[in-house]
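So you can see what is in the structure, the chains are spelled out below.
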Amino acid sequence: MSAQREMKEKNPWPTPVTIIIIVIGVIAIVALVTVAVLQNKPVPQKYKYGIVLDAGSSHTALYIYQWPAEKDNNTGRVEQTHSCKVKGKGISSYASEPWKAGESLKECMGEAEETVPKERAHETPLYLGATAGMRLLDIVNSSASKNVFQAVENALRNSPFSYQGARILSGQEEGAFGWVTVNYLDDRLKQGLKTTGALDLGGASTQISFISNDFDGSESPINSVNFRLYGNDYNLYTHSFLCYGKDQALKMVVANHTQSGATTVLDPCFHSGYNETKNYSVLYDSPCVSGRKPQEVPEKFDHIGKGNFQECQEVVKSVFNFTSCKYSRCSFNGVFQPLLQGPFGAFSAYYFVMNFLNLTDTSMPLETVKEKLSQYCATSWDKIKIQHPTVNVKYLAEYCFSGTYILTLLTEGYDFTAVTYSNIKFIKKIKGSDAGWTLGYMLNLTNMIPAEAPDSPPLPHAGYVSIVTIMTILLIGLLLLLALRIFWPRCSKKTQIV
Ligand SMILES: O=P(O)(O)OP(=O)(O)OP(=O)(O)OC[C@H]1O[C@@H](n2cnc3c(O)ncnc32)[C@H](O)[C@@H]1O
Ligand SMILES: [Ca+2]
């Protein structure tokens, strides 16, 4: 018996148990490596780029987007990597000297050349989209609008990028792409989650876009945009109000005050102590008001502030027409609008203005918001200038009007109530990318959002983590057992014998 035991102890060949442990260990290692390789494809190192120029009514901005080069088959995340604000006004302001519109873009185009790696430039699409400023110029002087586009095209064709054209977006496109941007950045589209509405307030137009159960497009087809994105169908309600951006709305409000052709205009939307001499011709230079220019007007008028929120609200209301509606329900000016639904993201001037006024917190009761704005409007112009010495004086003079306009547009125009006001979030960026139509526009033109859902990874993430964890624990256990058998055979034998 003892000789047998001695032989066994000296036998260099592993016992069947050891062999089984080794085999299981090898299988576990192979399985672990296979799962890890399948799940974690190599992390892409390189990026692809796309550039969009937003030629707005008040200014032009350039946005550069990037996404992982190996994932442009619809699975990689597109994010904003750089933005550049073009100096000066919007391209529509260069109607009488179009070449300057092209010149104005050069500095930002230079920044784009520095940002996009040289070897990627030729394959980087470059788009320019113009909005309400060019829509208005096109209405009053279409040849001037063509000349501006010509100048802009010349400048962009000479860039190293793959120029894809410049054009005016329709109001519908502007609204719909803003909605796509917000929901793409929030990962709502890919995951098929409930979507967020989009509210964009520009200088010359404003857009509202949202999904409502109350809307199937049949009542007002011009307000309907259909998408199939990542396997989900969306029937989006969208409307763009030309002339209801905050600069044109201000013109309309002041035009209402100046119908008598007076030389002095008392304005409740400007602070008391504000007094500026303005030209009638400049005030009435846009098609939003030109039809209402009084026949006999002096050259100039004194624009004098009165600082009264309630009165300001009344005159602001006067630019909205609530009298006629041929649909089941309307927002204003006879435009169909279904029942408001879900959360909303409000960006561009909505954010600039409410952020300046410290009123971005929408959990604050609407009445409190109004009280705060009322106090702000009642503050004298001298005091306001002292309190904000670094703020652009043109913006500063207009925040009382702008805040009042925003609240009136949201509550009277779109019908947000004291309850639904808290569904609005004033936003500038989402995960580092600016909210606005540009990203949605590029995603659409580059077919970056597929109609159908992309293939999911071989395993759901939770399954993958569980398998890897179980395998690892098993492997460590087996290796420990093996080590015990090899290095302390006597010890393990003893346990067996006992
Ligand atoms: O969409 P459109 O109507 O073409 O206009 P835009 O694209 O040029 O309009 P923006 O959103 O850039 O700006 C909207 C308005 O907000 C103004 N604005 C920009 N920055 C601002 C700030 O910091 N404070 C107040 N107003 C600001 C700007 O002059 C416009 O009147
Ligand atoms: Ca805009």
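Residues numbered from 1 in each chain as written. Chains lettered and ligands numbered in written order. Predicted model: local features only at pLDDT ≥ 70, side-chain atom pairs only at ≥ 80, totals over all residues. Heavy atoms only, no water.

As annotated in an unreviewed UniProt entry, the chain is Ectonucleoside triphosphate diphosphohydrolase 1 from Haplochromis burtoni. UniProt annotates the chain under Subunit (unreviewed entry) with the comment "Homodimer; disulfide-linked." Annotation of the chain in UniProt includes, under Sequence similarities (unreviewed entry), the sentence "Belongs to the GDA1/CD39 NTPase family." (UniProt positions renumbered as here; feature names shortened; annotations may be inferred.)

Across the sheet, 5 strands lie side by side as 3-2-1-4-5; this open sheet has mixed pairing. Two strands lie at the open edges of the sheet, namely strand 3 (79-85) and strand 5 (162-168), each paired on one side alone. With strand direction ignored, the average angle separating the axes of adjacent strands in the sheet is 15°. Direction of pairing for strand 4 (residues 125-130) relative to strand 5: parallel, over a ladder of 5 bridges. Bridge assignment links Leu 126 to a residue of strand 5, and that residue is Tyr 163. Those strands touched by helix 16 (residues 437-445) are strand 1 (47-55), strand 2 (60-68), strand 4 and strand 5, and its axis lies near 125° from that of strand 1. (Pairing = 2+ DSSP bridges. Helix = DSSP H or I, 4+ residues; strand = E, 2+ residues; numbered from the N terminus. Axes fitted to C-alpha atoms, helices over the stretch in contact; angles between N-to-C directions. Contact = heavy atoms within 4.5 Å.)

Further remarks concern the site of ligand 1. If you check the shell around ligand 1, you find 19 residues, and the closest are Ser 58, Thr 131, Ala 204, Asp 247 and Tyr 399. Separating an oxygen atom of ligand 1 from a backbone N or O atom of Ser 57 is a distance of 2.8 Å. Here an oxygen atom of ligand 1 and a side-chain polar atom of His 59 are 3.3 Å apart. Contact with the protein chains covers 88% of the free accessible surface of ligand 1, which is 630 Å². Contributions of two or more residues to the shell around ligand 1 are made by helix 9 (246-257), helix 12 (349-356) and helix 15 (393-413). When residues of the shell around ligand 1 are assigned to domains, at least three fall in each of domain 2 (45-168) and domain 3 (174-458). (Near = heavy atom within 4 Å. Polar contact = N/O pair within 3.5 Å; in protein donor to acceptor, adjacent residues only side chain to side chain. Areas by Shrake-Rupley, 256 points an atom, 1.4 Å probe, with all protein chains shown as cover. Domains from an automatic or database assignment.)

Glancing now at helix 9. For helix 9, with 12 residues, the first-to-last C-alpha span of 17 Å sits near the 16 Å given by 1.5 Å per residue. Within helix 9, 9 of the 12 residues are buried, which leaves the element mostly enclosed by the surrounding structure. Regarding helix 9, the residues found buried are Lys 246, Gln 248, Ala 249, Leu 250, Lys 251, Met 252, Val 253, Val 254 and Ala 255. (Expected span 1.5 Å × (residues − 1). Buried < 20%, exposed > 50% of the residue type's maximum accessible area, 1.4 Å probe, protein only.)

Listed under "binding site: ATP" (unreviewed entry) in the UniProt record, and renumbered for this structure, are Gly 203, Ala 204, Ser 205, Thr 206 and Gln 207. On the secondary structure map, Thr 206 appears in strand 7 (residues 205-210). Sequence-distant contacts of Thr 206, defined by excluding residues within four places in its chain, comprise Asp 200, Leu 201, His 239, Ser 240, Phe 241, Tyr 244, Gly 245, Tyr 350, Leu 409 and Tyr 414. Here Asp 200 takes part through its backbone oxygen, which lies 2.7 Å from a polar atom of the side chain of Thr 206. Among the structural elements, Gln 207 can be located in strand 7. A distance of 3.3 Å separates a polar atom in the side chain of Gln 207 from a polar atom in the side chain of Glu 174.

This part covers the environment of Ser 240. Here Ser 240 lies in strand 9 (residues 232-242). Residue classification places Ser 240 among the buried residues on the basis of a relative accessible area of 16%. Sequence-distant contacts of Ser 240, defined by excluding residues within four places in its chain, comprise Arg 135, Gly 171, Glu 174, Ser 205, Thr 206 and Gln 207. In this structure the side chain of Ser 240 is engaged in a polar contact, spanning 2.8 Å, whose partner is the side chain of Gln 207.

One way to put it is that helix 9 packs onto helix 15 with a least axis distance of 11 Å and a crossing angle of 80°. Between helix 9 and helix 15, the crossing angle belongs to the class labelled roughly perpendicular. Residues Lys 246, Asp 247, Ala 249, Leu 250 and Val 253 of helix 9 lie in contact with helix 15, whose contacting residues are Lys 394, Glu 398, Phe 401, Ser 402 and Tyr 405. Taken together, the residues of the contact of helix 9 with helix 15 break down into 5 nonpolar, 1 polar and 4 charged. (Parallel < 35°, antiparallel > 145°, perpendicular 65-115°, else oblique. Nonpolar A, V, L, I, M, F, W, Y, C, P; charged D, E, K, R; others polar.)

Right, let's talk about the packing of aromatic side chains for a bit. Counted under the stated rule, the structure contains 29 aromatic pairs. Centroid distance Tyr 237 to Phe 336: 6.1 Å. Interplanar angle 80°. Geometry classified as edge-to-face. Pair noted here: Tyr 237 is in strand 9 and Phe 336 is in the loop between helix 11 (309-317) and strand 13 (344-348), with a separation of 99 residues, a long-range link. One exposure class covers both Tyr 237 and Phe 336, and it is buried. Seen from their ring centres, Phe 356 and Tyr 399 are 3.9 Å apart, and the 5° between their planes marks the pair as stacked. Of this pair, Phe 356 sits in helix 12 while Tyr 399 sits in helix 15, and the two are 43 residues apart along the sequence. Accessibility assignment for this pair places Phe 356 and Tyr 399 in one class, buried. (Phe/Tyr/Trp six-rings, centres within 6.5 Å; stacked < 30°, edge-to-face > 60°.)

We now examine the nonpolar core. Counting residues in hydrophobic clusters, the biggest one holds 70 residues, and the most contacted among them are Leu 199, Tyr 350, Leu 410 and Tyr 414. Element by element, the count of residues in this core is highest for helix 15, at 10 residues. With near-sequence residues (within four places) excluded, Tyr 350 lies in contact with Leu 199, Asp 200, Leu 201, Thr 206, Ile 406, Leu 409, Leu 410, Tyr 414 and Phe 426. With 34 residues, the next largest nonpolar core counts Tyr 127, Phe 177, Val 182 and Phe 227 among its residues. (Core = buried A, V, L, I, M, F, W, Y, C linked by side-chain atoms within 4.5 Å.)

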